[in-house]
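Chain residues, written in single-letter form:
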Amino acid sequence: MVKILVTGGSGLVGRHLSKYLPDAVYLSSKDADLRSERDVRELFSTKWERVIHLAARVAGILDNRSRPAEFLEDNLLMNTLVMKYARETGVPRLTAVLSTCIFPDVASSYPMTEEMMHDGPPQATNFGYAISKRALAAHIDACNTQYGTSYNYLIPCNLYGEFDKTDPAKSHFVTALITKIIKAERDGSDHITLLGSGKPLRQFMHADDLARVIAECAEHDVTQSFNVAVPENLSIRQIAEIALSATGNEGMEIRFDASGPDGQFRKDVSNARMMELLPDFRFTGLAEGIHRVYSYYKANYKE
Ligand code: NAP
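Everything numeric in this text was worked out from a predicted model, so none of it was measured.

**Q** Where do I start with the overall build of the protein in this structure?
**A** If you tally the helices and strands in the protein, you get 10 helices and 12 strands. Whereas a compact globule of 303 residues would reach a radius of gyration of roughly 19 Å, the protein reaches 19 Å, a difference of no more than 12%. The dimensions of the protein, computed from C-alpha atoms along their principal axes, are 60 × 40 × 40 Å. A burial count over the protein gives 51% of its 303 residues as buried. As displayed, the protein has an accessible area near 13400 Å², and 51% of this comes from carbon and sulfur atoms.

**Q** Mind showing me how you'd approach the environment of Met83 here?
**A** Tracing the sequence through the fold places Met83 in helix H4 (residues 68-88). Sequence-wise, Met83 and Ile140 are 57 residues apart; in three dimensions their C-alpha atoms are separated by 7.7 Å. With residues up to four places along the chain from it excluded, the contact list for Met83 reads Leu94, Leu136, His139, Ile140, Cys143 and Tyr151.

**Q** What should I look at first to understand the packing of helix H6 (residues 173-187) against helix H8 (residues 236-246) in this one?
**A** Working note: a packed helix pair is described by the angle between its axes plus the distance between those axes. Running from N to C, H6 and H8 point in directions that differ by 45°, and their axes come no closer than 11 Å. Our classification of the angle between H6 and H8 gives oblique. The handedness of the crossing between H6 and H8 is right-handed. Along its contact with H6, which presents Phe173, Val174, Leu177 and Ile181, the element H8 presents Ile236, Ile239, Ala240, Ala243 and Leu244.

**Q** How should the sheet that holds strand S10 (residues 226-228) be read in this particular structure?
**A** Sheets are built from strands that pair by backbone hydrogen bonding, the pairs being arranged parallel or antiparallel. With parallel pairing, the 6 strands of this open sheet are ordered in space as S2-S1-S3-S4-S5-S10. Each edge of the open sheet carries a strand with a single partner, namely strand S2 (25-26) and S10. Relative to strand S3 (residues 50-53), H4 is tilted by about 175°, and along the sheet it contacts S3 and strand S4 (93-97).

**Q** Which parts of the structure should I look at to understand the state of the cysteines?
**A** Formally, a disulfide is one covalent bond, and it connects the sulfur atom of one cysteine to the sulfur atom of another. Considering all chains together, one arrives at 0 disulfides under this definition. Lacking any disulfide linkage, Cys157 is separated from the closest cysteine sulfur, that of Cys101, by 10 Å. Cysteine Cys217 is unpaired, with the sulfur of Cys157 as its nearest cysteine sulfur at 15 Å.

**Q** What's the story with the environment of Ser45 in this structure? I'm lost.
**A** Relative to the helices and strands, Ser45 resides in the loop between helix H2 (37-43) and S3. Separated by 145 residues in sequence, Ser45 and Asp190 place their C-alpha atoms 56 Å apart. A distance of 2.5 Å separates a polar atom in the side chain of Ser45 from the backbone oxygen of Glu42.

**Q** Looking at this structure, I do not really get the nonpolar core. What am I missing?
**A** Within soluble globular proteins, side chains that are nonpolar tend to cluster in buried spots. Among the nonpolar cores identified, the biggest contains 64 residues, and Leu17, Phe44, Leu94, Val213, Ile214 and Phe226 are the most heavily contacted of them. Ranked by residues supplied to this core, first place goes to helix H7 (residues 207-220) with 8 residues. Within the second largest apolar cluster, 25 residues are counted, among which are Ile178, Leu234, Ala240 and Ala243.

**Q** Please clarify how the site of the ligand should be interpreted in this entry.
**A** Within the structure, the ligand sits among 28 residues, and Ser10, Ser29, Tyr129, Lys133 and Lys165 are positioned closest to it. Residue Gly11 places a main-chain N or O atom 3.3 Å away from an oxygen atom belonging to the ligand. At a separation of 3.4 Å, an oxygen atom of the ligand approaches a polar backbone atom of Ala56. Contact with the protein chains hides 88% of the accessible area of the ligand, taken as 910 Å² for the molecule alone. Elements with a contribution of two residues or more to the shell around the ligand: helix H1 (12-20) and helix H5 (127-147). Partitioned by chemical class, the residues of the shell around the ligand number 15 nonpolar, 8 polar and 5 charged.

**Q** Can you help me understand the pairing of strand S1 (residues 4-7) in this one?
**A** As a general feature of sheets, a regular strand has side chains that alternate between the two faces. Both faces of S1 are covered, namely the face carrying Ile4 and Val6 and the face carrying Leu5 and Thr7. In terms of strand pairing, S1 meets S3 through 4 bridges, oriented parallel. Across the sheet, Leu5 pairs through a bridge with Val51, a residue of S3. The sheet contact formed by S1 and S2 spans 2 bridges and is parallel. Bridge pairing links Leu5 to Val25 in S2. The parallel pair S1 and S2 is bridged by H1, and the resulting crossover is right-handed.

Analysis parameters
Residues numbered from 1 in each chain as written. Predicted model: local features only at pLDDT ≥ 70, side-chain atom pairs only at ≥ 80, totals over all residues. Heavy atoms only, no water. Helix = DSSP H or I, 4+ residues; strand = E, 2+ residues; numbered from the N terminus. Rg over C-alpha atoms; globule rule 2.2 N^0.38 Å. Buried < 20%, exposed > 50% of the residue type's maximum accessible area, 1.4 Å probe, protein only. Areas by Shrake-Rupley, 256 points an atom, 1.4 Å probe, with all protein chains shown as cover. Contact = heavy atoms within 4.5 Å. Axes fitted to C-alpha atoms, helices over the stretch in contact; angles between N-to-C directions. Parallel < 35°, antiparallel > 145°, perpendicular 65-115°, else oblique. Left-handed = near helix turned anticlockwise from the far one by under 90°. Pairing = 2+ DSSP bridges. Disulfide = S-S within 2.5 Å. Polar contact = N/O pair within 3.5 Å; in protein donor to acceptor, adjacent residues only side chain to side chain. Core = buried A, V, L, I, M, F, W, Y, C linked by side-chain atoms within 4.5 Å. Near = heavy atom within 4 Å. Nonpolar A, V, L, I, M, F, W, Y, C, P; charged D, E, K, R; others polar. Right-handed = clockwise from strand over helix to strand, strands pointing away.

These values are about where atoms sit, not about what they do.
Laid out in C-alpha cells, this is it:
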C-alpha cells in the first residue's frame, strides 16, 4: 500500500482531505512539532511514498499583521525541515500547499498567472507568511532543478469550510461572516458588521474543492505546480449579499466598520493551468458551499 503522510492533517484542509485519501497518515502539531528538527527527523525515519505538506501557521489579517516575525519564522522552519528530510530520505513525491497571498500586492495584469509570483512585494499585512510561502516555492523549484525531484506546489485562493477556526482573530472571512450571521440570528439582530470598506475583491473556494484537487494529483500523479482558484472574483459586499441570501437572511443589513483593515485590494489568480490539467473539475458554487457550511455551524457553533 502507498504510504502517504499529510502534515497539518488536523486543519481545515486536512480534515476535508481525509474523506478522499482515508488511508493516509494525518498529523497534528501534537504528533510532531515541525519546527523541531528532532521531531521531523523522527517522522522521516518512516519511508514515505508521498508527502502532502499542509501544515502552516495560518490566521486572519489581524493575527498576521500583529505577529509577522512569528509567521515568517514558524513557517520557514516547518517548510525547510519537511523539504530537507523528504529529499534526503528519498520521498518520491511531495505536494505543498501555498496561498495566493504570495503574489505581488499590485500586479501589472489580472488574473495573475503562476509566473508572476516574484514580480513584486506581497501585501504588507501578511508579509511574513507570504515570504515564507514564496521561499517554499523557490525551495521546491530548486530541488527539482538540482536533484531531479518531482515535487510540486498548489497555490489556492482563499478558503472556507466546515472545520475552520471560529476565533475572530484567527478565522477567515467567509467562515467569520457565517458565524456573524448565526450570532445575529440568535441575538435577534437586524444587521451584521464587517470590517473594512466591503470593496476588496476575493476568490473564495470551499476547502473540499482544494481537497479534491490534492487527491486527484495523488491519484493521477500530477507533478506540475499550479493555482487552484474559482473563476469568480467578487467584492466583500457581494460575498456578504450571497451569504445572506443563501442563509435565508435577505432582510439583514450589512454595515461596514471602515476603521478595520481592508488588506490587499485584489489578488485574483488564473486557473487556466489547472483547468488544462484537470479539465473535468467542477467547483462548488459559493451559495451552495455557504449554505452547507452555515448548516454545519448552525449545529456546531458555540461562542
Ligand atoms: P489550519 O486549519 O490552520 O491547520 C493548520 C495545520 O497545521 C493544523 O493541522 C496544525 O496542527 C498544523 N500545524 C501548525 N503549526 C504546526 C507545527 N508547528 N507543527 C506541526 N503542525 C503544525 O490550516 P488550513 O486552513 O487547513 O491550511 C492548510 C494549508 O493551506 C496551509 O499551508 C495554508 O497556508 C494553506 N492555505 C489556507 C488557506 C485558508 O484560507 N485557510 C488559503 C490558502 C492556503 P494543530 O491542529 O495541532 O494546531
